[in-house]
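Coordinate inspection notes
Each chain, letter by letter, is given below.
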Amino acid sequence: MDLEGFEAATVPHMNALYDAALRLAGDQATAQDLTQETYLRALRSFGTFTPGTNSRAWLLRIQYNLFCTQYRRGRRMPLVWLDEGEADPALELPSAEPGPEEQTVRELDREAVRRAIARLPEDFRMAVTLVDIHGLSCAEAATVMGVPRGTILSRLHRARRRLEAMLLPELGRVQADDL
Amino acid sequence: MTCEDFQLRLTAFSLGELEQDEVSDARDHVATCDNCASQLLLDRQLTALLRASAVPAPQETTAAVLAAVRAEAGAGRLAPSPRQPARRRHWLALAAAVLAAAAVLAAALLVVPAPDPGSPLSAAWSSYHARGQDGLGTPTEAEADRLFAVLGPDSRTPDLAAFGLAKDGWEARDLAGHLAAVAEYRDPDGGRVTLMRWRGDLPRVARGTEGGELAAYTWGRHTSYWWEADGLVWCLVGTIDQKRLYGIAEHLGGESSPATAG
């Protein structure tokens, strides 16, 4: 086994792994544990990794399996389903009015987005995390989650419509150079 | 393509996942339908928002994961990275020993005979267990002098305030014929940590894995960490979180190693 090869293939993806873990687990301590356990499992099975393939997808698959088999039962984040068009008083979106400090506003945007994603059902949230946030293809996300590609597309479609409804104020502030 | 057809394919089109034979139809439709063009813009704005919401791993998480990976690799007898400084390698070896020990000790407990009731290990456990009944105070001046004469500067009770632990007494104890300095700590949540040091050899069952310098040994639901430095045996045990306890063991082990002992 080659430690340097392992680190070269996996360490660049640690931000993505932590972010995905945080969205799955819902708190930083569990996210760190999940990320660490994912890396240890990946190290043990690095011999099965095919060089040249997508190591980020490989890691995310290990992490998702680990979460489903060992972390899901003990997680603290409840599943929340929002019906289409339902208003959620607990979701406090920041004002749509642009503030004097653009960076502050942007951070509020990010927080609102994170909260909105957190309110998605787990399967939707994971599909959004894998594809929209971390750039996996639908086929790769399907492999990670163990479902057909069409299921990923369906989940993404429904998740995005919900997110749009929750994030309309933020969507109005996205600049052309963000696209 | 109708508006309804486009809406059904909007996500796939926006993500570049639409089948090739449908892409041109979708483009043609957007070119002539303001409503669907607006919807596509909104969808792409949403993608930009989502991507900007990614949370980077905190530095401590990155460091902890890398340390765990290198420790695990060390336990598997991988060659350490040549870029790692010698001091780091030392602690990676310790971490590797702990991880490996944690993995094997459950099994080891099944095959390793129970410690000799007269061994320092048993005496240390009895001392730790008895704390609930009789507590610790402060040694007499003569006892403190004797501890210093036998153990040297390491007889002093280390300050663990940085770990949220307050000193809660210390004393001299006889552990199976070994004069030991025993210190107690408490944290604000009632967690308890006991540190014992005496001159001698590590108990056999606490020697950990081959080449390890820090060993973990389980006492019922309590995990204890053991190491040896300058002829002294150190034993740390407590009711606090294991990771925290290990961090303290690593800290104390670093201070008591030959490189830093005063």
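A brief report on the enclosed structure follows. (Residues numbered from 1 in each chain as written. Chains lettered and ligands numbered in written order. Predicted model: local features only at pLDDT ≥ 70, side-chain atom pairs only at ≥ 80, totals over all residues.)

**Quick notes on the overall build of chain A**
- Counting secondary structure elements, chain A contains eight helices and zero strands.
- Counting helices and strands in the order they occur from the N terminus, chain A gives α-α-α-α-α-α-α-α.
- Taken over 179 residues, chain A has a buried fraction of 42%.
- Put simply, 68% of the contacts in chain A that link residues at least 6 apart link residues at least 24 apart. (Helix = DSSP H or I, 4+ residues; strand = E, 2+ residues; numbered from the N terminus. Buried ≥ 20, exposed ≤ 12 C-beta atoms within 10 Å, placed from the backbone. Contact = placed C-beta atoms within 7 Å.)

**Concerning the environment of S137 of chain A**
Residues and elements named next belong to chain A.
- Within the fold, S137 resides in the loop between helix 6 (122-133) and helix 7 (138-145).
- Judged by the 17 C-beta atoms lying within 10 Å of it, S137 falls in the partly exposed class.
- Residues S137 and I152, 15 residues apart in the sequence, show an inter-C-alpha distance of 9.8 Å.

**Looking at the nonpolar core**
- Counting 64 residues, the largest nonpolar core has A21, A127, V128, V131, A141 and I152 of chain A as the members making the most contacts within it.
- At nine residues, helix 2 (residues 14-25) of chain A tops the list of elements feeding residues into this core.
- In contact with I152 of chain A, other than residues within four places in its own chain, are A127, V131, C138, A141, A142, M145 and V147 of chain A.
- Residues A123, A183, L232 and Y246 of chain B belong to the second largest nonpolar core, which totals 36 residues. (Core = buried A, V, L, I, M, F, W, Y, C linked by C-beta atoms within 7 Å.)

**Description of the interface of chain B and chain A**
- If you look at the interface, chain B gives 32 residues, while chain A gives 36 residues.
- Listed by contribution, the elements that provide at least two residues to the side of chain B that touches chain A are helix 1 (3-14), helix 3 (34-52) and helix 4 (59-75) of chain B.
- Ranked by residues supplied to the side of chain B that touches chain A, first place goes to helix 3 of chain B with eleven residues.

**A word on the environment of L3 of chain A**
- Take L3 of chain A: it is sitting in helix 1 (residues 3-10).
- Separated by 40 residues in the primary sequence, L3 of chain A and L43 of chain A have C-alpha atoms spaced 8.2 Å apart.

**Structural notes on helix 2 of chain A**
Residue and element names in this part refer to chain A.
- In this model, helix 2 (twelve residues) spans 16 Å end to end at C-alpha, consistent with the 16 Å of a helix rising 1.5 Å per residue.
- Counting buried residues along helix 2, eleven of its twelve residues qualify, which places the element largely inside the surrounding structure.
- Within helix 2, burial applies to M14, A16, L17, Y18, D19, A20, A21, L22, R23, L24 and A25.
- Positive phi shows up at G26, right after helix 2, with a value of about 95°. (Expected span 1.5 Å × (residues − 1).)

**Re the pairing of strand 1 (residues 166-175) of chain B**
Residues and elements named next belong to chain B.
- In this sheet, strand 2 (residues 178-186) lies alongside strand 1 in antiparallel orientation, the contact comprising eight bridges. The residue bridging D174 from the neighbouring strand is L179, located in strand 2.
- Linkage of strand 1 to strand 2, two consecutive antiparallel strands, is achieved through a turn of two residues, within which A176 is found at a positive phi near 50°. (Pairing = 2+ DSSP bridges.)

The values reported here are purely geometric and, on their own, carry no functional implication.
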